[in-house]
Amino acid sequence: MWKKILDKNLIIIDPEVKNKSDLFQNMVNHTYNNDYIVNRKDFLNALNEREGKANTELIEGVAFPHARSSSVDRLFLSIILIKQGLDYESSEFGPVKIVFFFGCPEEQAKEYLRILAKSSRVLKIKKFREELLNCTTPDEVLELMEQYSEDEKEETREGKYLIIFTLFNSNLKQDVMSAMVEAGITNASIVKASSLAKKLAYEMPVFAGLSYMAQGKSSRTEMILGLVDDKSIPEKLAYILKQND
């Protein structure tokens, strides 16, 4: 995914910016000058509107400002490294040092979500963040990004397939949902479910003696159902989830 959109011209190391507003204005101007957006004012408005909904410093020291707008000519990712840190107006985290800045046209929403999910997952890896901040040139950043793109497979096996995922630990739901988006699953349904073992043991008197079956099992689970048109997608999902261990 990264391979298709990374542009050395959009990798900036230690820009001269004073605050968050200054950063946004500079990012918009830079992407406009590189022909990724067609209307600076509209895109800046879309960017600020998204930021107004929730601060995009989602990982300590890492921000993901992004917007989907008709003013974007083609999907882009701009990487900005601010090694001394910048106040990002976050009440939860400190200064931002890594910025992954995205712009997306209306028609590329699915690909945009996949790249956003992948970036979020990889940037949770401390080693990757440290290596990124040690980069001194755009070429070094590209080389590092290439290393973390080796898992991307181009193989496709087209058809119609039903994927069923059972989630027993609700604390992992966000990681699972993000992994599904990264793998290309965006049309799934989440269904609340109950453990049959719990139902049998505690709600049907005739099976009350089978309570041992329910030990350690959650009384509530969630099932995620989705249709995919590529048989390799479940394999990609399994790989991504293993990276979250």
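Residues numbered from 1 in each chain as written. Predicted model: local features only at pLDDT ≥ 70, side-chain atom pairs only at ≥ 80, totals over all residues. Heavy atoms only, no water.

### Quick look at the nonpolar core
Generally speaking, soluble globular proteins have nonpolar side chains that are buried together.
And step 1. Membership of the largest hydrophobic core comes to 25 residues, with the highest contact counts inside it found for Phe100, Leu123, Phe128 and Leu132.
And step 2. Elements represented by at least two residues in this core include exactly strand 4 (76-86), strand 5 (96-104), helix 4 (109-122), helix 5 (126-133) and helix 6 (138-147).
And step 3. Sequence-distant contacts of Leu123, that is, excluding residues within four places in its chain, are made with Ile59, Val62, Phe64, Ile98, Phe100, Phe128, Arg129 and Leu132.
And step 4. By size, the runner-up hydrophobic cluster in this structure holds 23 residues, among which are Leu23, Met27, Leu44 and Val99. (Core = buried A, V, L, I, M, F, W, Y, C linked by side-chain atoms within 4.5 Å. Buried < 20%, exposed > 50% of the residue type's maximum accessible area, 1.4 Å probe, protein only. Helix = DSSP H or I, 4+ residues; strand = E, 2+ residues; numbered from the N terminus. Contact = heavy atoms within 4.5 Å.)

### Observations regarding the layout of surface pockets
And step 1. Of the volumes computed, that of the second largest pocket is approximately 450 Å³.
And step 2. What lines the second largest pocket is a set of 15 residues, among which Leu116, Ala117, Ser120, Gln174 and Ser178 lie closest to the centre.
And step 3. Elements with a minimum of two residues in the lining of the second largest pocket: helix 4 and helix 7 (173-183).
And step 4. Ranked by residue count, the leading element in the lining of the second largest pocket is helix 7, at five residues. (1 Å grid on protein atoms, 1.4 Å probe; cavity = no way out; pocket = protein on both sides within 12 Å on 5 of 7 lines; lining within 4 Å. Points joined across faces, edges and corners; volume = space filled by probe spheres on them.)

### A look at the pattern of salt bridges
And step 1. Under the definition given, this model contains four salt bridges.
And step 2. Between Lys20 and Glu51 there is a salt bridge whose closest N-O contact spans 2.8 Å. Here Lys20, found in helix 2 (residues 20-33), pairs with Glu51, found in helix 3 (residues 40-53); they are 31 residues apart in sequence, far enough to count as distant.
And step 3. On the accessibility criterion, Glu51 (10% relative accessible area) is buried. (Salt bridge = Lys/Arg side-chain N within 4 Å of Asp/Glu carboxyl O.)

### Overview of the packing of helix 2 against helix 3
And step 1. Where helix 2 contacts helix 3, the axes come no closer than 10 Å and their chain directions differ by 140°. Here helix 3 runs oblique to helix 2, going by the angle between their axes. Crossing of helix 2 over helix 3 shows right-handed handedness. Here Lys20, Phe24, Gln25, Met27, Val28, Asn29 and Tyr32 of helix 2 lie close against helix 3, whose contacting residues are Arg40, Phe43, Leu44, Leu47, Asn48 and Glu51.
And step 2. Grouping the constituent residues of the contact of helix 2 with helix 3 by class yields seven nonpolar, three polar and three charged. (Axes fitted to C-alpha atoms, helices over the stretch in contact; angles between N-to-C directions. Parallel < 35°, antiparallel > 145°, perpendicular 65-115°, else oblique. Left-handed = near helix turned anticlockwise from the far one by under 90°. Nonpolar A, V, L, I, M, F, W, Y, C, P; charged D, E, K, R; others polar.)

### Digging into the packing of aromatic side chains
And step 1. Counting across every chain of the model gives six aromatic pairs.
And step 2. Considering the side-chain rings of Phe43 and Phe101, the 6.0 Å spacing of their centres and the 50° angle between planes classify their relative orientation as tilted. Here Phe101 lies in strand 5 and Phe43 lies in helix 3, a separation of 58 residues in the sequence.
And step 3. With a relative accessible area of 0%, Phe101 lands in the buried category.
And step 4. These aromatic residues form a ring-pair network of at least three members: Tyr36, Phe43, Phe76 and Phe101.
And step 5. Looking at Arg40, its charged tip hangs above the ring of Tyr32, at a distance of 4.2 Å from the centre.
And step 6. Seen from the ring of Tyr36, Arg74 lies directly overhead, with NZ or CZ sitting 4.0 Å from the centre. (Phe/Tyr/Trp six-rings, centres within 6.5 Å; stacked < 30°, edge-to-face > 60°. Lys NZ or Arg CZ within 6 Å of the ring centre and 35° of its normal.)

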